[in-house]
Amino acid sequence: MKHSAGPPPPGRRSPNMGHWLRPRTSRTFVLGICMAVGGLAGGVRSAVDGKGIWTALGVFGVGVLGVVIVIAWIVTYTREH
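This is a predicted model, so every value here is computed, not measured. (Residues numbered from 1 in each chain as written. Predicted model: local features only at pLDDT ≥ 70, side-chain atom pairs only at ≥ 80, totals over all residues. Heavy atoms only, no water.)

**What about the environment of Gly61?**
Threshold: Helix and strand assignments come from DSSP, with helices taken as H or I runs of at least 4 residues and strands as E runs of at least 2, each series counted from the N terminus. Exposed residues in this analysis have more than 50% of their type's maximum accessible area, buried residues have under 20%, and partly exposed residues fall in between, with area computed by a 1.4 Å probe over protein chains only.
Here Gly61 is to be found in helix 3 (residues 53-80). Note on Gly61: relative accessible area 33%, which makes it partly exposed. Spatially, the C-alpha atoms of Gly61 and Gly39 are 7.0 Å apart, while their sequence positions differ by 22 residues.

As structure tokens, then:
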């Protein structure tokens, strides 16, 4: 088998966009957990306090995004390990 020390062969040289969107670090996992807990609890709290539907949905949306980040991190972790 021959290994060359030169540049890579022509074609796709950089990873695709999906590579950059996969959460890999534990910091991403912690960020997702914080977003999920804070967003879900804050959304419920703002709904109970009567802050307005758009405020409650916006904060609740942050919580849902946090849950999605955590699930994506777990799926990426299990595929790589």
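**Some details on helix 2 (residues 26-49)**
Quick reminder of the rule: Expected span of a helix: the number of residues minus one, times 1.5 Å. Between two residues, a contact is recorded if the distance between any of their heavy atoms is within 4.5 Å.
Compared with an ideal rise of 1.5 Å per residue, which puts 24 residues at 34 Å, helix 2 spans 34 Å between its outermost C-alpha atoms and is within 8% of the ideal. Buried residues belonging to helix 2 abut helix 3. Looking one or two places after helix 2, you find Gly50, whose phi comes out positive at around 75°.

**Some words on the side chain of Thr76**
Put simply, the rule reads: Two N or O atoms count as a polar contact when they lie within 3.5 Å, although within protein this holds only if one can serve as hydrogen donor and the other as acceptor, and sequence-adjacent residues are included solely when both atoms are side-chain atoms.
Turning to its location among the elements, Thr76 is positioned in helix 3. The class for Thr76 is buried, based on a relative accessible area of 9%. In terms of polar contacts, Thr76 uses its side chain to reach the backbone carbonyl oxygen of Ala72, at 2.8 Å. Setting aside chain neighbours within four positions, we find Thr76 in contact with Arg22, Pro23 and Arg24.

**A closer look at the packing of aromatic side chains**
Applied cut-off: When the centres of two rings from Phe, Tyr and Trp lie within 6.5 Å, Trp using its six-membered ring, the rings pair. Their planes under 30 degrees apart give stacked, over 60 give edge-to-face, and anything left gives tilted.
Counted under the stated rule, the structure contains two aromatic pairs. With a centroid separation of 4.5 Å and an interplanar angle of 35°, the aromatic rings of Phe29 and Trp73 are classed as tilted. Highlighted residues: Phe29 in helix 2 and Trp73 in helix 3, separated in sequence by 44 residues. On the basis of relative accessible area, Phe29 is assigned to the partly exposed category, the value being 24%. The class of Trp73 is buried, set by a relative accessible area of 14%. An aromatic cluster is defined as three or more aromatic residues linked by ring pairs; in this entry it consists of Phe29, Trp73 and Tyr77.

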